[in-house]
Amino acid sequence: MAAEPIPQTRYTFCRYCPAACGLKVTVEENRVLTIFPDKQNPHSWRDFCGKGRTAGKLVEHPRRILTPMRRAGDGYVEATWEEALADIAARMTALVARGGPDAVGAYYGNPAGFSTSNLVFMNAWLDGIGTQNRYAVGSVDQNAAHVVADALYGSPIMIPTSDIDRCDYFLLVGANPAVSAWNWLESAPGGWQRALERQRAGARIVVVDPLRTESADRADLHLAVRPGQDWALLLALVAVILGEGLEHRGDCAGLVTGLPELRALVAAADIDDLAARCDIPAPLIRTVARDFAAAPAAMAVTRTGTALHTSGTVAEWLGHVLNLVTGRMDRPGGRRFEPGILDALRITALAPATPHRSRIAGRPLVAGAHALSELPAEITTPGRGQLRALVLNCGNPVVSGPDGAALDAALADLELLVAIDVVQRESHRHAHWLLPATHWLERDDLLALTSGMHDEPFVHYGRAVLRPPPQVREEWRIFLDLALAMDVPLFGARGLNGFVRATRRLAARTGRPGLAFGAHWVDRLMVASARRFGGRKPRWREIAAAPHGIVLGPREYGHFRKALRTEGKRVRIAPPEFVTRTRELLAEPVPAAPPGFPFQLGNRRRRHSMNSWLNEIPGLHPGGKRNDALLHPDDAAALGIADGDLVRVSSPTGAIELRAALSDRPRRGIVVVDHGWGSRVFDPRGGAGPEVHGANRNLLADATVDPLSQTAALNAVHVAVERVQPSR
Ligand SMILES: Nc1nc2c(c(=O)[nH]1)N[C@H]1C(S)=C(S)[C@@H](COP(=O)(O)OP(=O)(O)OC[C@H]3O[C@@H](n4cnc5c(=O)[nH]c(N)nc54)[C@H](O)[C@@H]3O)O[C@H]1N2
Ligand SMILES: Nc1nc2c(c(=O)[nH]1)N[C@H]1C(S)=C(S)[C@@H](COP(=O)(O)OP(=O)(O)OC[C@H]3O[C@@H](n4cnc5c(=O)[nH]c(N)nc54)[C@H](O)[C@@H]3O)O[C@H]1N2
Ligand code: SF4
Ligand SMILES: [Mo]
């Protein structure tokens, strides 16, 4: 009689969002039975959500790509890896021979950031080719934070973390942590619950958002700012603090340079004018400024709501300035610098990107990549350097980025489009090749390069809990194989390819696959260069043997100053380009709505969506798999729109149709549409029609960017709203 299969319990961490929640997974015959939070995880035990709970459903997605698939007419046929790699390598090599290295490029999306091996090997391959056609999700997300960190602190990745448990005053600007968890370029597991605990102990929470969000519901004060005008609010707060002498004398004298330039800027600003711009009464701004400055511990936190605007970098900068002038950097309850297990600042500085300006727009790289909004023109405009072959690595930019229609048309124009993904989504519809990627439940990932984003010194080697389907491969392996097949030197370093081949031969001869060069080598190298904690270096063996991860020590203060990569280790508080741009904003009126487009398009996330994916997963969004147009009842009444009516939301760039939902949560004059919906999921294996839920609000956004960070102004779109038909 065959033995009954026995469920096994395994531990790992979720890689959907930076919270990196520890998971307890029960597995039977290589299938997930249950996923629960890992209460033994010393770092993340407080957090968990339905996305992590249902992760097994994406693994078993009925439309999952399970083998390489080659386009054949309107459909796809299965192919072997040998065929895929040979064809892609030959075509890319020919394109490079014809048009130079920039003929081949890549866009990488958000999930790539949760896999160190993916990013390391993708860059090794791109460096081998020598292409500058690199595009990243940062230009629809976090570029403002990189640009500000680089200018103020001397490294684009020197991003502060939130010291939540000691904070007395939270100023949350353009963030909705009740839904999105406390993360952007930082992560504080259970961050929102921890902030609420502080509130119960007397701390105050102020939420700045044009929408009364779930976070605003719990706040002591909600400021319904005019969208895109956070910079004016933050500048006014700084002006009050400096004007009334409420600044932290020690830090203003000893930690920063450029204070006279900052003072000159705020002296030129008029609080009443700024108040009118952000539409928050001046007396209220003064109160917030005084309370913030007087709180024993406080932090200002800025996020995507402020960043996705043409003024995003200025707002992000002024958020840092507010913390700096009130002495909140590197003090309990403020914003700390967490060095992480590796000196990532030094590692990135060792391998700086070659300075490069984009061919058409002439803009520099930000954190090693060009802006997504430039991609369509770089594909369609002839000339040397024209992009002809593109890899989409964990991305869905047609839905997550601006002007998806233009990008979709450009992708159709490529000679070669390769998508590495779990399923075929909207952006992959013109792909010549679909390459099957592992789900994170099927791969090992070391939280290494991003460990400084966590709010305490933490390391976790997340193990695969499932064996991947036989033809599914990890991204690092795909990039390594492509580099070998194209015969381009990995990392741009001569000699490495020969070494890799030699290790592969050795592995084959000895029957020990671990001897072949791969991601686990890089993981070990990283641990070998780890910092000391409590006088001791963490060792590979102990990290590899710790299923719940290891908190390496207490939260420490004092690393911020040491980590600065500026002259004299002083923060450059008033970079001239930020000051100049602020003066420009001060000289301009609040951007007026173009005729015919009186509304501003707001944006939201939902607890159970992850940007443009997971919406189709069964069991998530029981309330309805679609996004609505959220309108204030007074605005709706003026337009003759009732709850549930079908409405058309249009801009000069595009139009979408969806249902109206009336609510007093948005401020008047905005219509809020959740992003990430309206992405088709195709069925390349089964050939069934696409599945789609909701509408893609980013079709309404054009290629306008914040000039300082090149971030798409996705939250600054002006639109019209009209009723299409009465509700049934
Ligand atoms: N209007 C508006 N637009 C926004 C935002 C907003 O707030 N408002 N937010 C922006 C932000 S913050 C972000 S981060 C971007 C996201 O932009 P993107 O990263 O381009 O898009 P995602 O929707 O995250 O798509 C991720 C893709 O990766 C695939 N994937 C998931 N896991 C893996 C894996 O392990 N390997 C591989 N190879 N593929 C995988 C998914 O199936 C999906 O197709 O969207 C931005 N767009
Ligand atoms: N459930 C879930 N969690 C996620 C994600 C997800 O897709 N789903 N994505 C993850 C990712 S990639 C990221 S980067 C983080 C993002 O984390 P957050 O930045 O906190 O993201 P949101 O929840 O979109 O909150 C942004 C808020 O900004 C507001 N806003 C819009 N325009 C303006 C404005 O002009 N000024 C101000 N002050 N506010 C404005 C919106 O109304 C919204 O409430 O979340 C992560 N966590
Ligand atoms: S998606 Fe949910 S379970 Fe996964 S890391 Fe984020 S908060 Fe945790
Ligand atoms: Mo993001």
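Residues numbered from 1 in each chain as written. Chains lettered and ligands numbered in written order. Predicted model: local features only at pLDDT ≥ 70, side-chain atom pairs only at ≥ 80, totals over all residues. Heavy atoms only, no water.

1. A closer look at the domain arrangement of the chain
Then, number 1: Domains assigned within the chain are domain 1 (161–336) and domain 2 (592–725).
Then, number 2: On a C-alpha basis, the centroid separation for the pair domain 1 and domain 2 is 28 Å.
Then, number 3: Summed over both partners, the interface of domain 1 with domain 2 buries about 1,900 Å², with 51% contributed by carbon and sulfur atoms.
Then, number 4: Considering only the side of domain 1, the residues that lose the most area to domain 2 are Leu211, Arg212 and Leu308, jointly responsible for 31% of the buried surface there.
Then, number 5: Between Asp217 and Arg665 there is a salt bridge, with its nearest N and O atoms 2.7 Å apart.
Then, number 6: Seen at the junction of domain 1 and domain 2, the total is 11 residue pairs in polar contact (both at pLDDT 80 or more).
Then, number 7: Those elements giving two or more residues to the side of domain 1 that touches domain 2 turn out to be helix H6 (177–180), helix H8 (214–218), helix H14 (304–307) and helix H15 (312–325). (Domains from an automatic or database assignment. Buried area = accessible area lost by both parts, 1.4 Å probe. Salt bridge = Lys/Arg side-chain N within 4 Å of Asp/Glu carboxyl O. Polar contact = N/O pair within 3.5 Å; in protein donor to acceptor, adjacent residues only side chain to side chain. Helix = DSSP H or I, 4+ residues; strand = E, 2+ residues; numbered from the N terminus.)

2. Points about H15
Then, number 1: In this model H15 runs 20 Å from its N-terminal to its C-terminal C-alpha over 14 residues, within 8% of the 20 Å that 1.5 Å per residue would give.
Then, number 2: Burial analysis of H15 places 14 of its 14 residues in the buried class, which makes it a mostly covered element.
Then, number 3: Looking one or two residues beyond H15, the residue adopting positive phi is Gly327, at roughly 70 degrees. (Expected span 1.5 Å × (residues − 1). Buried < 20%, exposed > 50% of the residue type's maximum accessible area, 1.4 Å probe, protein only.)

3. Concerning the site of ligand 1
Then, number 1: Neighbouring ligand 1 are 30 residues; Tyr107, Asn110, Asp421, Glu475 and Ser612 lie closest to it.
Then, number 2: Residue Cys394 places a main-chain N or O atom 3.3 Å away from an oxygen atom belonging to ligand 1.
Then, number 3: Within the side chain of Asp421, an N or O atom sits 2.6 Å from an oxygen atom of ligand 1.
Then, number 4: In isolation ligand 1 has 920 Å² of accessible area, and contact with the protein removes 98% of it.
Then, number 5: Elements supplying a minimum of two residues to the shell around ligand 1: helix H18 (397–400) and strand S16 (416–421). (Near = heavy atom within 4 Å. Areas by Shrake-Rupley, 256 points an atom, 1.4 Å probe, with all protein chains shown as cover.)

4. Focus on unusual backbone geometry
Then, number 1: At Glu29, a position not held by glycine, the phi torsion is positive, near 50 degrees.
Then, number 2: Here Glu29 shows up in the loop between strand S2 (22–28) and strand S3 (31–37).
Then, number 3: With a phi close to 40 degrees, Asp403 is a non-glycine residue in the positive phi region.
Then, number 4: Following the sequence through the fold, Asp403 ends up in the loop between H18 and helix H19 (404–412).

5. As for the packing of aromatic side chains
Then, number 1: Summed over all chains, the structure comprises 13 aromatic pairs.
Then, number 2: Taken together, a centroid distance of 5.4 Å and an interplanar angle of 80 degrees make the contact between Tyr153 and Phe560 edge-to-face. One end of the pair, Tyr153, is in helix H5 (residues 143–153); the other, Phe560, is in helix H24 (residues 559–563), with 407 residues separating them in the sequence.
Then, number 3: The class for Phe560 is buried, based on a relative accessible area of 2%.
Then, number 4: An angle of 65 degrees between the planes, with centres 5.4 Å apart, marks the rings of Phe517 and Trp521 as edge-to-face.
Then, number 5: For Phe517, a relative accessible area of 9% gives the class buried.
Then, number 6: Judged by its relative accessible area of 26%, Trp521 falls in the partly exposed class.
Then, number 7: Through pairs of rings, three or more aromatic residues link up here, namely Phe121, Trp476, Phe499, Phe517 and Trp521.
Then, number 8: A cation over a ring is seen here: Arg328 above Phe292, with NZ or CZ 5.6 Å from the ring centre.
Then, number 9: A cation over a ring is seen here: Arg336 above Tyr557, with NZ or CZ 6.0 Å from the ring centre. (Phe/Tyr/Trp six-rings, centres within 6.5 Å; stacked < 30°, edge-to-face > 60°. Lys NZ or Arg CZ within 6 Å of the ring centre and 35° of its normal.)

6. Side note on the site of ligand 2
Then, number 1: Of all residues adjacent to ligand 2, which total 32 residues, the nearest are Ser180, Asp209, Asp230, Thr304 and Ser609.
Then, number 2: Contact distances for ligand 2 include 2.8 Å between a nitrogen atom and a backbone N or O atom of Arg606.
Then, number 3: Arg607 is positioned with one of its backbone polar atoms (N or O) 2.9 Å from a nitrogen atom of ligand 2.
Then, number 4: With the chains in place, 97% of the 930 Å² that ligand 2 exposes on its own is no longer accessible.
Then, number 5: Of all elements in the fold, only H6 and H14 reach the threshold of two or more residues within the shell around ligand 2.
Then, number 6: Class assignment of the residues belonging to the shell around ligand 2 gives a composition of 10 nonpolar, 14 polar and 8 charged.
Then, number 7: Viewed by domain, the shell around ligand 2 spans two of them, domain 1 (161–336) and domain 2 (592–725), each represented by three or more residues. (Nonpolar A, V, L, I, M, F, W, Y, C, P; charged D, E, K, R; others polar.)

7. Brief notes about the packing of helix H9 (residues 230–243) against H15
When two helices pack together, their arrangement is given by the angle between their axes and by how far apart the axes lie.
Then, number 1: For the pair H9 and H15, interaxial distance at closest approach is 8 Å and the crossing angle is 25 degrees. It follows that H9 is roughly parallel to H15 by the angle criterion. The chirality of how H9 crosses H15 is left-handed. Here Asp230, Trp231, Leu234, Leu235, Leu237, Val238, Ile241 and Leu242 of H9 come into contact with H15, specifically with Val314, Ala315, Leu318, Gly319, Val321, Leu322 and Val325. (Axes fitted to C-alpha atoms, helices over the stretch in contact; angles between N-to-C directions. Parallel < 35°, antiparallel > 145°, perpendicular 65-115°, else oblique. Left-handed = near helix turned anticlockwise from the far one by under 90°. Contact = heavy atoms within 4.5 Å.)

8. Examining the nonpolar core
Then, number 1: Judged by nonpolar contacts, the single largest core of 78 residues is most densely connected at Tyr153, Leu171, Trp231, Leu262 and Trp317.
Then, number 2: Judged by nonpolar contacts, the second largest core, of 52 residues, contains Ala79, Met122, Ala448 and Val500. (Core = buried A, V, L, I, M, F, W, Y, C linked by side-chain atoms within 4.5 Å.)

9. As for the sheet that holds strand S5 (residues 75–78)
Then, number 1: Taken together, 7 strands build an open sheet; the order of strands is S5-S4-S17-S16-S15-S6-S7 and the sheet is mixed. One side of each edge strand has no neighbouring strand; the edge strands of this open sheet are S5 and strand S7 (134–136). Neighbouring strand axes in the sheet, compared pairwise and without regard to direction, differ in orientation by 20 degrees on average. (Pairing = 2+ DSSP bridges.)

10. Quick notes on the side chain of Arg388
Then, number 1: In this fold, Arg388 is placed in the loop between helix H17 (375–380) and strand S15 (389–393).
Then, number 2: Of the residues examined, Arg388 reaches a relative accessible area of 10% and is grouped as buried.
Then, number 3: Here Ile379 takes part through its backbone oxygen, which lies 3.1 Å from a polar atom of the side chain of Arg388.
Then, number 4: Separated by 2.9 Å, the side chains of Arg388 and Glu415 make a polar contact.
Then, number 5: Ignoring sequence-local partners within four residues, the contact set of Arg388 consists of Leu95, Arg98, Ala103, Ile379, Asp413, Leu414, Glu415 and Leu416.

11. A few points about the environment of Trp317
Then, number 1: Mapped onto the elements of the fold, Trp317 is located in helix H15.
Then, number 2: What makes Trp317 buried here is its relative accessible area of 0%.
Then, number 3: A sequence separation of 170 residues divides Trp317 from Val147, and the C-alpha atoms of the two residues are 9.0 Å apart.
Then, number 4: Not counting chain neighbours up to four residues away, the residues in contact with Trp317 comprise Val148, Leu152, Leu262, Leu265, Ile573, Ala574, Pro575, Phe578, Val579 and Thr582.

12. Overview of the packing of helix H12 (residues 271–278) against helix H13 (residues 282–294)
Then, number 1: In the contact formed by H12 and H13, the axes pass within 9 Å of each other and the chain directions differ by 100 degrees. With respect to H13, the element H12 is oriented roughly perpendicular. Of H13, the residues touching H12 (which contributes Ile271, Asp272, Ala275 and Cys278) are Ala282, Ile285 and Arg286.
Then, number 2: By residue class, the composition of the contact of H12 with H13 is 5 nonpolar, no polar and 2 charged.

13. Brief notes about the environment of Val399
Then, number 1: Relative to the helices and strands, Val399 resides in helix H18.
Then, number 2: The class of Val399 is buried, set by a relative accessible area of 0%.
Then, number 3: C-alpha separation for the pair Val399 and Ala592, spaced 193 residues apart in sequence, amounts to 27 Å.
Then, number 4: The residues touching Val399, leaving out its near neighbours within four places in the chain, are Glu426, Ser427, Ser612, Gly676, Trp677, Ser679, Asn696 and Asn698.

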